[in-house]
Amino acid sequence: MTSSAPTGLRWGILATGGIAHAFASDLRTAGLDLVAVGSRRPDAAAAFAAEFGIPHVHGSYEDLAADPDVDIVYVATPHPAHAENALLLIEHGKHVLVEKPFTLTAAEAARVQEAAAARGVLAMEAMWTRYLPHMVRIREIVAAGTLGEVRALTADHTQKISDDPSHRLNDLALGGGALLDLGIYPVSFAWDILGAPATVAVAARVGETGADTEIAAIFTHASGALSTSISSSRAAGPNTASVVGTEARIEIDRVWYTPTSFRVTATDGTVLEEYVSEVEGRGMQYQALAAERIIAEGGTDSDVLPIAESVAIMANLDEMRRTIGVRYPGEADHG
Ligand SMILES: NC(=O)C1=CN([C@@H]2O[C@H](COP(=O)(O)OP(=O)(O)OC[C@H]3O[C@@H](n4cnc5c(N)ncnc54)[C@H](OP(=O)(O)O)[C@@H]3O)[C@@H](O)[C@H]2O)C=CC1
Ligand SMILES: O=C1CO[C@H](CO)[C@@H](O)[C@@H]1O
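Residues numbered from 1 in each chain as written. Chains lettered and ligands numbered in written order. Predicted model: local features only at pLDDT ≥ 70, side-chain atom pairs only at ≥ 80, totals over all residues. Heavy atoms only, no water.

Per an unreviewed UniProt entry, the protein chain is named 1,5-anhydro-D-fructose reductase, and its organism is Microbacterium lemovicicum. UniProt annotates the protein chain under Sequence similarities (unreviewed entry) with the comment "Belongs to the Gfo/Idh/MocA family." (UniProt positions renumbered as here; feature names shortened; annotations may be inferred.)

Here it is, written out as structure tokens:
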């Protein structure tokens, strides 16, 4: 089970940028209790609160963290700020749902994991795709053995995003790079279906700012399966994915990491299942409902994406970046 009905948990949102808006809108659509917003800019917090009818308005992240009427906070800052923001919130006893990638590095992720465990709160990566209904169904189909032995998985996350050097995806100071922003989706999908890679091969193009603009990866997995992924912040491709087994395959339509459709087709061409998502809004509410269920049941970890797996995925991304020579400012300080 990955989602359920709202439990009345009181949500705060930290930051007021693009994805904070999308998440707030999905929380409202799903009837979750959004009570607070915090921004570095008091005006931005006030405007965001007015847009979504949020009662508690905080002109700093510290004030949001200290709000006694907030149970859980969604962190929607650029990746280099995720660890610092999450640690502040955890220190104040808040549960946290932290945007992907969970942090900038595995060392930061491990620090958040430790702090959450010490405080007894939930820290969960907002890899929203894992919680979407079509992904839940895909995991069921794979687990049931319908595909036979899974031999291959493919996925791309390719978008034409601005080449302005100051854009978040190009600026290393903001965690720029296709891998951490886009490539993490196919990487996390491969982990979800096939587990940790046994070997990792990567090739990339690195742009003028030092951030990767394209990256292709081939993983082998302990089962013998291969997974491949391509990510680009310069050109929009199919954004489809497939899981191929000895008896049947799953083909996920574009855009595979958002609510969409898929087919299960047997090797002889028989269509075994056609699935069409029926999701209100963008679909970011499912991860929030999953977090609410875990907390209501007294848990502190996600069964769909445990924090240890988020840390391990960050280590996988660290290794891929080492291979392609992408390094973030002050990374040594980050650990
Ligand atoms: N799940 C998904 O589909 C998506 C996830 N994301 C993830 O969400 C995070 C934020 O992305 P996005 O919303 O596109 O980014 P934006 O630039 O649109 O917003 C980021 C917000 O973070 C706050 N912030 C804190 N420190 C800084 C800083 N140094 N520079 C700029 N902003 C800062 C600001 O809020 P304020 O001024 O109010 O404090 C700002 O509005 C990223 O980690 C990204 O990977 C992004 C898009 C889609
Ligand atoms: O997660 C994401 C999904 O796609 C966005 C672009 O539209 C990315 O920038 C983002 O971080």
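## Describing the site of ligand 2
Contacts to ligand 2 come from Lys100, His157, Gln159, Arg168, Leu169, Asp181, Leu182 and Tyr185. In the environment of ligand 2, an oxygen atom lies 2.7 Å from a nitrogen or oxygen atom belonging to the side chain of Lys100. One of the side-chain nitrogen or oxygen atoms of Asp181 is found 2.6 Å away from an oxygen atom of ligand 2. Considering every element that reaches the shell around ligand 2, the biggest residue donor is helix 7 (residues 178-194), with 3 residues. Grouping the amino acids of the shell around ligand 2 by side-chain chemistry returns 3 nonpolar, 2 polar and 3 charged. (Near = heavy atom within 4 Å. Polar contact = N/O pair within 3.5 Å; in protein donor to acceptor, adjacent residues only side chain to side chain. Helix = DSSP H or I, 4+ residues; strand = E, 2+ residues; numbered from the N terminus. Nonpolar A, V, L, I, M, F, W, Y, C, P; charged D, E, K, R; others polar.)

## Concerning the nonpolar core
Soluble globular proteins tend to bury their nonpolar side chains together. Counting residues in hydrophobic clusters, the biggest one holds 106 residues, and the most contacted among them are Trp11 and Phe189. Looking at this core, the element that brings in the most residues is helix 7, giving 10 residues. Per-domain counts for this core show at least three residues from each of domain 1 (10-128) and domain 2 (133-278 + 315-334). (Core = buried A, V, L, I, M, F, W, Y, C linked by side-chain atoms within 4.5 Å. Buried < 20%, exposed > 50% of the residue type's maximum accessible area, 1.4 Å probe, protein only. Domains from an automatic or database assignment.)

## Digging into the packing of aromatic side chains
Going through the model one piece at a time under the given rule, you end up with 7 aromatic pairs. Within the aromatic cluster, the residues linked to one another by ring pairs are Tyr185, Phe189, Trp256 and Tyr257. (Phe/Tyr/Trp six-rings, centres within 6.5 Å; stacked < 30°, edge-to-face > 60°.)

## Focus: unusual backbone geometry
Geometrically, the link from Lys100 to Pro101 is a cis peptide bond, its omega value of -15° lying close to zero. Structurally, Pro101 is set in the loop between strand 5 (95-99) and helix 5 (106-119). That bond from Arg254 to Val255 is cis: its omega, -10°, falls within 30 degrees of zero. For Ala15, which is not glycine, the phi dihedral falls at a positive 100°. Here Ala15 shows up in the loop between strand 1 (10-14) and helix 1 (18-30).

## Focus on the pairing of strand 13 (residues 261-266)
Strand 13 sits mainly inside the fold: 5 of its 6 residues count as buried. Where strand 12 (residues 248-252) lies against strand 13, 5 bridges are found, and the strand directions are antiparallel. The residue bridging Arg249 from the neighbouring strand is Thr265, located in strand 13. Where strand 13 meets strand 14 (residues 271-276), 5 bridges bridge the pair, whose relative direction is antiparallel. Across the sheet, residue Ser261 finds its bridge partner in strand 14, namely Val276. (Pairing = 2+ DSSP bridges.)

## What about the site of ligand 1?
Around ligand 1 there are 24 residues in total, and Thr16, Ser39, Arg41, Tyr61 and Lys100 lie nearest to it. His79 is positioned such that a nitrogen or oxygen atom in its side chain is 2.8 Å from an oxygen atom of ligand 1. In this structure, Lys100 approaches ligand 1 through a main-chain N or O atom, which is 2.8 Å from an oxygen atom. Looking at the shell around ligand 1, the elements with two or more residues in it are helix 1, helix 4 (79-91) and helix 7. When grouped by side-chain class, the residues that make up the shell around ligand 1 number 10 nonpolar, 7 polar and 7 charged.

## A short note on the UniProt feature "domain: GFO/IDH/MocA-like oxidoreductase" (unreviewed entry) in the protein chain
Those places that UniProt annotates as "domain: GFO/IDH/MocA-like oxidoreductase" (unreviewed entry) correspond, in this numbering, to residues 136-251. End C-alpha to end C-alpha, residues 136-251 measures 15 Å, and it is 22% helix and 39% strand.

## Brief notes about the sheet that holds strand 1
Judged by pairing direction, the sheet is parallel, and its 6 strands sit side by side in the order 3-2-1-4-5-6 without closing on themselves. The sheet terminates laterally at strand 3 (56-58) and strand 6 (123-126), the two strands that pair on one side only. Geometrically, the sheet is characterised by an average inter-axis angle of 25° between neighbouring strands, direction not taken into account. Of the strand pairs in this sheet, strand 4 (residues 72-75) and strand 5 are connected by 4 bridges, and their pairing is parallel. Bridging across to strand 5, Ile72 finds its partner in His95. (Axes fitted to C-alpha atoms, helices over the stretch in contact; angles between N-to-C directions.)

## Section: the packing of helix 1 against helix 8 (residues 285-296)
At a minimum axis distance of 9 Å, the contact between helix 1 and helix 8 shows a crossing angle of 65°. The angle between the axes of helix 1 and helix 8 places the two elements in the roughly perpendicular class. The two elements helix 1 and helix 8 cross, and the hand of that crossing is right-handed. When helix 1 is examined against helix 8, the residues Phe23, Asp26, Leu27 and Ala30 are found in contact with a partner set consisting of Gln285, Gln287 and Ala288. (Parallel < 35°, antiparallel > 145°, perpendicular 65-115°, else oblique. Left-handed = near helix turned anticlockwise from the far one by under 90°. Contact = heavy atoms within 4.5 Å.)

## Here's the deal with the side chain of Lys100
Structurally, the position occupied by Lys100 is in the loop between strand 5 and helix 5. Lys100 gets classed as buried once you look at its relative accessible area, which sits at 9%. Within polar-contact distance, the side chain of Lys100 engages the backbone oxygen of Asp181 at 2.9 Å. Look past the residues within four positions of Lys100 in its chain and what remains in contact with it is His79, His82, Glu125, Ala126, Met127, Leu180, Asp181, Ile184 and Tyr185.

## Quick look at helix 5
End to end, helix 5 covers 20 Å across 14 residues, agreeing with the expected 20 Å (1.5 Å per residue, within 8%). Within the sequence span of helix 5, burial applies to Ala106, Glu108, Ala109, Val112 and Ala116. The buried residues of helix 5 occupy an angular sector of 155° when the element is viewed end-on, so they sit on one face. Helix 5 presents Glu114, Ala117 and Ala118 as exposed residues on the side facing more than 90 degrees away from its buried surface. (Expected span 1.5 Å × (residues − 1). Arc of directions from axis to C-beta.)

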